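Here is how the chains run, residue by residue.
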Amino acid sequence: MASKKTSAKDDVNEAQDAELEATHALELLAATVGEPPKSSLKAILAGTTDADLVSVGKTILSSRIVTDAARIYRKAWDFYQQATDEQKRRLRGFSKPLLALAVQQALALEKLDRQRATTNASAGVARAGQDKASEAAQSRAIELRDQAHDALRDASGRDEKLRAQVDAAFGTAATAETLAGGLQQTAKLLRRWLKSDDEALTGRLELASLDESYAKELEDAARDLRVAVADATNRPVDAKVTQGALDRADGINILIMGQIIRAFDGAHGIDPTIPRLVPISTRRLFNRNTKKKAEAAEPPHAGSDAKPAGGSVELGDG
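Procedures and definitions
- Residues numbered from 1 in each chain as written.
- Predicted model: local features only at pLDDT ≥ 70, side-chain atom pairs only at ≥ 80, totals over all residues.
- Heavy atoms only, no water.
- Helix = DSSP H or I, 4+ residues; strand = E, 2+ residues; numbered from the N terminus.
- Buried < 20%, exposed > 50% of the residue type's maximum accessible area, 1.4 Å probe, protein only.
- Contact = heavy atoms within 4.5 Å.
- Areas by Shrake-Rupley, 256 points an atom, 1.4 Å probe, with all protein chains shown as cover.
- Core = buried A, V, L, I, M, F, W, Y, C linked by side-chain atoms within 4.5 Å.
- Phe/Tyr/Trp six-rings, centres within 6.5 Å; stacked < 30°, edge-to-face > 60°.
- Lys NZ or Arg CZ within 6 Å of the ring centre and 35° of its normal.
- Polar contact = N/O pair within 3.5 Å; in protein donor to acceptor, adjacent residues only side chain to side chain.
- Salt bridge = Lys/Arg side-chain N within 4 Å of Asp/Glu carboxyl O.
- Axes fitted to C-alpha atoms, helices over the stretch in contact; angles between N-to-C directions.
- Parallel < 35°, antiparallel > 145°, perpendicular 65-115°, else oblique.
- Nonpolar A, V, L, I, M, F, W, Y, C, P; charged D, E, K, R; others polar.
- Expected span 1.5 Å × (residues − 1).

(A) Examining the overall build of the chain more closely. For the chain, the helix and strand inventory stands at 12 helices and zero strands. For the chain, the succession of helices and strands along the chain, N to C, is α-α-α-α-α-α-α-α-α-α-α-α. Burial status across the chain gives 36% buried among its 318 residues. Residue pairs in contact within the chain that sit at least 24 positions apart in sequence constitute 80% of those at least 6 positions apart. Counting only carbon and sulfur atoms, one obtains 53% of the accessible surface of the chain, whose full area is about 18,900 Å².

Next up, the structure:
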């Protein structure tokens, strides 16, 4: 049976749908668990530098953290609501206020990630539009310059001196500036000819419809070209959400998620009725020890640096 193939667009749409579902789940959870104490974030970040947070946060996509956060925190809350007092006592390292903080920071991360994605997309559209405008202005300028060159050479008759003036004004299209300069010089030359006492020359100009309006058209094309190129070159930098700020938010979420995962792991080791919270999208950040309890109970060999079960990325340990 042939397998169904999916396009890159389908994959992107599925990822966007998953992010929307995760965001909605977190919003519902936030409405249930409430707001964390105002000082809780400051307390949990004490001793952890921004550099620590960024160094870990930059190693993973924000969307992966949000996806796991929605699933893990939902599972943690579902269990905690129906847990017995004894089970809750076993959950050292976890509390409802900590979960409220975790949900709050996950939503804050999702918002930052969305803002940055929107900004980048808007900037990309703007850049494409500016580049297209610049290309169109250059194309029109070249066509107009070539037309003016041929028309003025014809208007010069057989006068080699006048033809030399046309060729000198023509210039090159090596750069946008030389192209604009050629248009300006051609317009200037046409105006000088229009004021000439040479009746034959002015008569040929009239027959060729080479008048003041055409000189102005050449000048306008030169100005439009310079403006379009400047817009495409001097693009404003939108720093509403920097990558560093997003990486820091990633690091905060990894720190809090790690504490919650370890709390449930530790409680599960004492009371197997308490579930483990298994990361999926972020699993490479959390080095889980899946050895059997019997194996974990064995004393480590001399010089062993084995980590306890549930070991993971921890920040601020120095």
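(B) The nonpolar core, seen in detail. Core analysis: the largest hydrophobic core is formed by 47 residues, its most contacted members being Tyr73, Phe94, Ile260 and Phe264. Considering each element in turn, this core owes the most residues, 12 residues, to helix H11 (residues 243-270). Setting aside residues up to four positions removed in sequence, Tyr73 forms contacts with Leu26, Leu29, Leu99, Ala102, Val103, Ala106, Asn253, Ile256, Met257 and Ile260. Ala137, Leu205, Tyr214 and Leu225 belong to the second largest nonpolar core, which has 28 residues in total.

(C) Unusual backbone geometry, seen in detail. You will see that Ser209, though not glycine, has its phi angle at about 60°, which is positive. Note that Ser209 resides in the loop between helix H9 (199-207) and helix H10 (212-233). Given a relative accessible area of 54%, Ser209 falls into the exposed group.

(D) Geometry of the packing of aromatic side chains. Under the counting rule described, the total for this entry stands at four aromatic pairs. Relative to Phe264, the ring of Phe94 has its centre 5.1 Å away and its plane inclined at 75°; by these criteria the two rings are edge-to-face. Remark: Phe264 occurs in helix H11 and Phe94 occurs in the loop between helix H5 (85-90) and helix H6 (96-155); sequence separation between them is 170 residues. For the pair Phe94 and Phe264, a shared accessibility class is recorded, and that class is buried. The ring of Tyr80 has Lys88 sitting right over it, with the charged end atom 4.8 Å from the ring centre.

(E) Representation of the environment of Leu53 within the structure. Along the chain, the position of Leu53 falls in helix H3 (residues 50-57). Since its relative accessible area comes to 1%, Leu53 is described here as buried. As for Leu53 and Ile252, which are separated by 199 residues in sequence, their C-alpha atoms are 6.3 Å apart.

(F) Here's a closer look at H9. For H9, the capping residue at the N-terminal end is Asp198, with a side-chain oxygen 3.1 Å from the backbone nitrogen of Ala200. At the C-terminal side of H9, Ser209 shows a positive phi close to 60°.

(G) Summary view of the pattern of salt bridges. A complete count under the given rule lists 16 salt bridges for this structure. Arg90 is the partner of Glu86 in a salt bridge, and the nearest nitrogen-oxygen pair spans 3.2 Å. One end of the pair is Glu86 and the other is Arg90, both in helix H5 and four residues apart, which spans about a single turn. Note on Glu86: relative accessible area 34%, which makes it partly exposed. Judged by relative accessible area, which is 36%, Arg90 ranks as partly exposed. As a salt-bridge pair, Asp220 and Arg223 come within 2.9 Å of each other at their nearest N and O atoms. Of this pair, Asp220 and Arg223 both sit in helix H10, three residues apart, roughly one helical turn. With relative accessibility at 45%, the residue Arg223 sits in the partly exposed group. Because the salt bridges share partners, they merge into one network encompassing Lys216, Asp220, Arg223 and Asp224.

(H) The arrangement of the side chain of Glu110 in detail. Here Glu110 lies in helix H6. Excluding residues that lie within four positions of it along the chain, Glu110 makes contacts with Thr23 and Val66.

(I) Structural context of the packing of helix H7 (residues 160-170) against helix H8 (residues 176-194). Two elements in contact, H7 and H8, have axes whose closest approach is 7 Å; the angle formed by their N-to-C orientations is 150°. The angle between the axes of H7 and H8 places the two elements in the roughly antiparallel class. Where H7 approaches H8, its residues Leu162, Gln165, Val166, Ala169 and Phe170 are matched on the opposing element by Gly182, Gln185, Thr186, Leu189, Arg192 and Trp193. Class assignment for the residues of the contact of H7 with H8 results in six nonpolar, four polar and one charged.

(J) Expanded view of H8. Look at H8: 27 Å from first C-alpha to last across 19 residues, which is about the 27 Å you get at 1.5 Å a residue. When we look at burial in H8, the residues that qualify are Ala176, Leu179, Ala180, Gly182, Leu183, Thr186, Ala187, Leu189, Leu190 and Trp193.

Remember, this is a structural readout, not a statement about activity or role.
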